[in-house]
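Report on the structure
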Number of protein chains: 2
Amino acid sequence: MNAFAMNCVGHQSHGLWRHPRDHSAEYTHTRHWVELAKLLERGKFDGLFLADVVGVYDVFGGNPDTALQEAVQVPTNDPLLIIPPMAEATDHLSFAVTCNLSHEPPLPFARRMSTLDHMTDGRIGWNIVTGYLDSGSKGAGKGEQVAHDIRYDIAEEFMSIQYGFWEGSWEDGAVVRDRETGVFTDPAKVHRVEHDGEYFKVSGIHICEPSPQRTPVLYQAGTSSKGMAFAAKHAECVFVGGRSRSKMAADVEKLRALAVEVGRDPSDIKVFALATVIADATAEGAKAKYDDYCTYLSVKGGLALVSGWTGMDFSDPEKLAAGPSSSNAIQSVAAMFADGAATGAEGVEAIGLSVALGGGGPVLVGNGKQIADELAAWAEESDLDGFNFTYVVMPETFEDIVEHVVPELQRRGLVKRDYVDGTYRDKLFGHGPRLDASHPAAAYRKGG
Amino acid sequence: MNAFAMNCVGHQSHGLWRHPRDHSAEYTHTRHWVELAKLLERGKFDGLFLADVVGVYDVFGGNPDTALQEAVQVPTNDPLLIIPPMAEATDHLSFAVTCNLSHEPPLPFARRMSTLDHMTDGRIGWNIVTGYLDSGSKGAGKGEQVAHDIRYDIAEEFMSIQYGFWEGSWEDGAVVRDRETGVFTDPAKVHRVEHDGEYFKVSGIHICEPSPQRTPVLYQAGTSSKGMAFAAKHAECVFVGGRSRSKMAADVEKLRALAVEVGRDPSDIKVFALATVIADATAEGAKAKYDDYCTYLSVKGGLALVSGWTGMDFSDPEKLAAGPSSSNAIQSVAAMFADGAATGAEGVEAIGLSVALGGGGPVLVGNGKQIADELAAWAEESDLDGFNFTYVVMPETFEDIVEHVVPELQRRGLVKRDYVDGTYRDKLFGHGPRLDASHPAAAYRKGG
């Protein structure tokens, strides 16, 4: 069980910042995030999954006006910086954070993650993304984005360097801290990372001492064929979206098969699905909440978001008919919405609504028992390991899950009653803080 | 009054991590930093100044072995991530953080600073550095560093883009947050930053809403002629080092004259000098502490540091005689040590000792009255506005300042008895949270 959020207003629920009980517009304050973290830990959530976008949704209408007006993931603040205070206020909740490797030089990024792994006592994960918005790339000073497939080649090189820093540069036991002999670090146990690749040239040691997990828990969300091959090789957790359970089941099966092909165990990858839950003590109460929320939905906001995801301008039926304008969009998402887009204005409105409420994923409405039934059936049907729950109203949606859904899931033995000790990786997989030997990162280790 | 520290072991006191009362090796823990911040706020320090280095000191002996063994600023963690929990635990203490712009893409960096300015309620400053270690540049995947002078040309462009994002992209009043009309941001008041320069091409809006100060308080520490011209134009606070008060006085005078030349007031720049204070209730007690500390000093550690600063290998008398091998070193520091280096082994040992204890700056030893006398005379003589106090033993050095020195300075009216409200800039200059009209950033503002 993850909560899904972003350091911005509204995230996946467009128009809902207008709701009188929504507090997501308080995202600039540390207190807002600390309170959320405490709530999630009270509800025994495994993690808080933080999305991120460096850029703005400016495909809709060819400008960022709608995104700005409706606060569609803009303004948005840095996700890394809210983690240390949340970690300090909790003991067990873990944090999976999205960072776009296109914007991160190898050594400073390796250090950021090592620092977070230290500060959280090993409760950190990294959601590996390569970016899909040209606006982000232009803001970073790089011009237009490089093509989708090449981005994964760059990502392969980037991962190799990161594994070198995290797993290979400092052996276990390199840090001696001997006050008597005056040796802090044994230089013989620290090794240079030498990488002379097509996209990066790196030569140097990691500048952080080994952190509890070394490599953070690795998340990935790509469902293109390149993306899935990348996930099968590197990811420990995969995040999937979409409303079709049969399509999801097929994707999950394919992903686990690909993992086996590269020498991993199918259970080495935990799969989480996007879900929105609107829960109450009674079915009627939940339905009333759903109806109330719907009066705030912004179709335009949803369409601005989906336009950015797909590279298709949903404000213009003609352009829409011509298909995606950019090969850099999230291809799997573009395919998902292509059929709806082809059905004209009604289809487009339906897409806007479905994205505005819960980001295009399933919306489950009911009492605890009904929600638990749905989640259990779906997890069974699609071979899922868990869910990333997005919110409609912050923090009400999560409060409702903690109050009405978690106790029911606990009664059925579907979620834990309490945390086990240890790092994020310990909690997820139960075999220690480090990546296991079948993961490609293990090949980078040096020494005893 | 600033405290000077770094997210690493020891920082400017080499060998002192071995001292039984030193806690600097606990830098990986959030609690360590939170306790320091609370201590500094209790002592009415204005700020915590955080140094940073992305890279390793590998000039000494041509390898990083000494730096590793003696923990000379390696391992070192990210400085940004420790700020949010410290800000959350304090109300008034400000934070000035060193970030090397060579490693920061423009938009993600603008966002990092805006996020910190939000999370600290405007208590953030940025120490602008361009880097001096080839090892850092290689670790970031960029090969060797670009030459010193060109680094300042790059910095000029970088600043222009940052001012565009921070000051120009979102007008005052752009964020409406009107729940009735559904307008979060008025798109007419948000503007693109268009920069087509030699080193950066950027086109896009800032993705953060305006923070309390917008541009963080700007620090700089360069004393080369290019560096000083840069500081005179951009800096609000300048950090100077060295033991010669007359040289410092001349530098400060030159700096203030340069500021006037570019249309600023000489008092628009606050100058802070590096100082190490070893204080106790009595002169004898302080002297005993000093003697005790000296038994832990690592000359080799000091020399590894100064070798990295200057690009001169202090492990090798022959190479040393040949002068600096790299034009990328901190030129002012190289000049400062060149004479000592020329005097042979004894001179080199003296340099090692002076750097090992307090980073080459003055070390003041005494009771509160003696220290206050020294600081007051020096500030007068060199036209200083304040000091960056480095530590010998963490946190003992700061505890001693708070207990023995601050009350004496307060009695004399040399430091405040309590904080004034407002942002870091309010506290330093007293005319509001924003940069004033004579600063070049003001030209980037748009709208009413």
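Since the model is a prediction, treat every value here as computed from it, not as a measurement.

From N to C terminus, chain A includes 16 helices and 13 strands. Against the globule reference of 22 Å for 448 residues, chain A gives a C-alpha radius of gyration of 22 Å, in line with a compact fold. Along the longest, intermediate and shortest principal axes, the C-alpha atoms of chain A span 70 × 50 × 45 Å. Looking at the 448 residues of chain A, the share that counts as buried comes to 64%. Sequence separation of 24 or more characterises 76% of the internal contacts of chain A that already satisfy a separation of 6 or more. Put simply, chain A shows about 15100 Å² of open surface, and 51% of that area lies on carbon and sulfur atoms.

Residue and element names in this part refer to chain A. Where burial is concerned, the two faces of strand β10 (residues 237-240) agree: the one with Cys 237 and Phe 239 and the one with Val 238 and Val 240 are both buried. Handedness of the strand β9 (residues 217-220)-helix α7 (residues 225-234)-β10 crossover: right-handed. Of the strand pairs in this sheet, β10 and strand β11 (residues 270-280) are connected by four bridges, and their pairing is parallel. Paired with Cys 237 across the bridge in β11 is Lys 270.

Counting 258 residues, the largest nonpolar core has Trp 126 and Phe 398 of chain A together with Trp 126 and Phe 398 of chain B as the members making the most contacts within it. In this structure Phe 398 of chain A touches Ala 3, Phe 4, Leu 36, Leu 39, Leu 40, Phe 45, Phe 389, Thr 390 and Tyr 391 of chain A, once residues within four positions along its chain are discounted.

Each partner contributes residues to the interface: chain A has 70 residues there, and chain B has 70 residues. Taken together, both faces of the contact between chain A and chain B bury some 6400 Å²; the carbon and sulfur share is 59%. Its largest share of buried area at the contact with chain B, chain A owes to Leu 81, Arg 111 and Arg 179 of chain A, together 12% of the area lost on that side. Summed over the shared surface of chain A and chain B, the result is eight salt bridges. Its salt-bridge partner being Arg 112 of chain A, residue Asp 78 of chain B comes within 3.6 Å of it at the nearest N-O pair. On the surface where chain A and chain B come into contact, there are 28 residue pairs in polar contact (both at pLDDT 80 or more). With nine residues, the top contributor of residues to the side of chain A that touches chain B is helix α4 (residues 106-119) of chain A. Of the residues contributing to the side of chain A that touches chain B, the split by class is 36 nonpolar, 16 polar and 18 charged.

Here, the word disulfide means a covalent bond between the sulfur atoms of two cysteines. The final tally for this structure, using the stated rule, is zero disulfides over all chains. We note that Cys 8 of chain A lacks a disulfide partner, and the nearest cysteine sulfur, in Cys 208 of chain B, lies 11 Å from it. Under the relative-accessibility criterion, Cys 8 of chain A is labelled buried at 1%.

A few words on unusual backbone geometry. That bond from Met 394 of chain A to Pro 395 of chain A is cis: its omega, -5°, falls within 30 degrees of zero. The omega torsion across Val 74 of chain B and Pro 75 of chain B is 0°, close enough to zero to call that bond cis. Structurally, Pro 75 of chain B is set in the loop between α2 (65-70) and α3 (83-88). A positive phi angle, close to 60°, is found at Lys 44 of chain B, a residue other than glycine.

Let's shift gears to the packing of helix α7 (residues 225-234) of chain B against helix α8 (residues 245-261) of chain B. Residues and elements named next belong to chain B. Between α7 and α8, whose axes approach to 8 Å, the crossing angle comes to 55°. The pairing of α7 with α8 is recorded here as oblique in orientation. The two elements α7 and α8 meet at a crossing, and its hand is right-handed. Of α8, the residues touching α7 (which contributes Met 228, Ala 229, Ala 231 and Ala 232) are Asp 251, Lys 254, Leu 255, Leu 258 and Ala 259.

Of the transformation placing chain A onto chain B, the axial shift is 0.0 Å and the rotation is 180°, giving an RMSD of 0.0 Å. Expressed as an axis order, the relation between the two copies is that of a two-fold axis. Among all C-alpha atoms of chain A, that of Pro 85 of chain A lies closest to the rotation axis, at 2.4 Å. Interface overlap between copies is the fraction of interface residues in one copy that are interface residues in the other; for chain A against chain B it reaches 100%, indicating a shared surface.

With that settled, the discussion passes to the side chain of Thr 115 of chain B. Turning to its location among the elements, Thr 115 of chain B is positioned in helix α4 (residues 106-119). A polar contact of 2.9 Å, which involves the side chain of Thr 115 of chain B, links it to the backbone nitrogen of Asp 78 of chain A. Ignoring sequence-local partners within four residues, the contact set of Thr 115 of chain B consists of Asn 7, Asn 77, Asp 78 and Leu 81 of chain A together with Cys 208 of chain B.

Another aspect to go through is the pairing of strand β13 (residues 386-390) of chain B. All names here are of chain B. Summarising burial for β13: five of the five residues are buried, a large majority. What you see with β13 is no split at all: Gly 386, Asn 388 and Thr 390 on one side and Phe 387 and Phe 389 on the other are buried throughout. Bridge count for strand β1 (residues 2-6) against β13 is three bridges, and the pairing is parallel. By the bridge assignment for β13, Phe 4 is matched with Thr 390.

All names here are of chain A. According to the domain assignment, chain A consists of domain 1 (2-298 + 362-444) and domain 2 (299-356). Each of domain 1 and domain 2 has a C-alpha centre, and these two points are 25 Å apart. Taken residue by residue, the interface counts 27 residues in domain 1 and 26 residues in domain 2. A buried area of about 2100 Å², summed over both sides, lies between domain 1 and domain 2, and 61% of it is on carbon and sulfur atoms. For the pair domain 1 and domain 2, the number of links is zero salt bridges. Summed over the shared surface of domain 1 and domain 2, the result is six residue pairs in polar contact (both at pLDDT 80 or more). Looking at the side of domain 1 that touches domain 2, the elements with two or more residues in it are α2 (65-70) and α6 (148-168).

Pairing between side chains becomes possible if they bear opposite charge and their charged atoms approach one another. Residues and elements named next belong to chain A. The tally for this structure, following the rule as stated, stands at 63 salt bridges over all chains. Of the charged contacts in the structure, one is a salt bridge between Lys 287 and Asp 291, with a shortest N-O distance of 2.9 Å. Here Asp 291 and Lys 287 lie together in helix α9 (residues 283-294), a separation of four residues that amounts to about one turn. Its relative accessible area of 43% is what places Lys 287 among the partly exposed residues. Judged by its relative accessible area of 36%, Asp 291 is partly exposed.

Where two aromatic rings form a pair, the distance of their centres and the angle of their planes describe that pair. Here the structure, examined in full by the defined rule, presents 38 aromatic pairs over all chains. Between Phe 184 of chain A and Trp 17 of chain B, the ring centres sit 5.1 Å apart and the planes meet at 90°, which makes this aromatic pair edge-to-face. Of the two residues, Phe 184 of chain A is situated in strand β6 (residues 183-185) and Trp 17 of chain B in the loop between β1 and α1 (30-42); the pairing between them involves two chains. An identical accessibility class is assigned to Phe 184 of chain A and Trp 17 of chain B; each is buried. Judged by centre distance (5.9 Å) and plane angle (65°), the rings of Tyr 391 of chain B and Phe 398 of chain B are edge-to-face. Phe 398 of chain B shares its class with Tyr 391 of chain B; the two are buried.

Now for a nonpolar patch on the surface. Together, Val 146, Ile 150 and Tyr 199 of chain A make up an exposed nonpolar region whose accessible area comes to about 220 Å². Take Ile 150 of chain A: its relative accessible area is 35%, and that puts it in the partly exposed class.

Bringing the side chain of Asp 313 of chain A into the picture now. All names here are of chain A. By the element assignment, Asp 313 lies in the loop between α10 (299-310) and α11 (317-321). Overall, Asp 313 belongs to the buried group, its relative accessible area being 6%. In terms of polar contacts, Asp 313 uses its side chain to reach the backbone amide nitrogen of Gly 61, at 3.0 Å. In this structure the side chain of Asp 313 is engaged in a polar contact, spanning 2.7 Å, whose partner is the side chain of Ser 315. Apart from the residues within four sequence positions on either side, Asp 313 is in contact with Val 59, Phe 60, Gly 61, Gly 62, Ser 307, Lys 319 and Leu 320.

Turning to helix α14 (residues 368-382) of chain B, a few remarks are in order. Residue and element names in this part refer to chain B. Here α14 contains 15 residues, and its C-alpha end-to-end distance of 21 Å stays within 8% of the 21 Å for a straight helix at 1.5 Å per residue. Among the residues making up α14, those that are buried are Gly 368, Ile 371, Ala 372, Leu 375, Trp 378, Ala 379 and Ser 382. Within α14, the buried residues cover an arc of 140° as seen down the axis, which keeps them to one side. Exposed side chains of α14 directed beyond 90 degrees from the buried face belong to Glu 380 and Glu 381. Of the surrounding elements, those touching the buried residues of α14 are α8, β11 (270-280), β12 (363-367), β13 and α15 (396-411). A positive backbone phi angle near 55° is found at Asp 383, which sits one or two residues after α14.

Rules of the game
Residues numbered from 1 in each chain as written. Chains lettered and ligands numbered in written order. Predicted model: local features only at pLDDT ≥ 70, side-chain atom pairs only at ≥ 80, totals over all residues. Heavy atoms only, no water. Helix = DSSP H or I, 4+ residues; strand = E, 2+ residues; numbered from the N terminus. Rg over C-alpha atoms; globule rule 2.2 N^0.38 Å. Buried < 20%, exposed > 50% of the residue type's maximum accessible area, 1.4 Å probe, protein only. Contact = heavy atoms within 4.5 Å. Areas by Shrake-Rupley, 256 points an atom, 1.4 Å probe, with all protein chains shown as cover. Right-handed = clockwise from strand over helix to strand, strands pointing away. Pairing = 2+ DSSP bridges. Core = buried A, V, L, I, M, F, W, Y, C linked by side-chain atoms within 4.5 Å. Buried area = accessible area lost by both parts, 1.4 Å probe. Salt bridge = Lys/Arg side-chain N within 4 Å of Asp/Glu carboxyl O. Polar contact = N/O pair within 3.5 Å; in protein donor to acceptor, adjacent residues only side chain to side chain. Nonpolar A, V, L, I, M, F, W, Y, C, P; charged D, E, K, R; others polar. Disulfide = S-S within 2.5 Å. Axes fitted to C-alpha atoms, helices over the stretch in contact; angles between N-to-C directions. Parallel < 35°, antiparallel > 145°, perpendicular 65-115°, else oblique. Left-handed = near helix turned anticlockwise from the far one by under 90°. Least-squares fit on C-alpha atoms with pLDDT ≥ 70 in both. Domains from an automatic or database assignment. Phe/Tyr/Trp six-rings, centres within 6.5 Å; stacked < 30°, edge-to-face > 60°. Patch = residues over 30% accessible without salt bridge, like charges linked within 9 Å, V, L, I, M, F, W, Y side chains within 5 Å. Expected span 1.5 Å × (residues − 1). Arc of directions from axis to C-beta.

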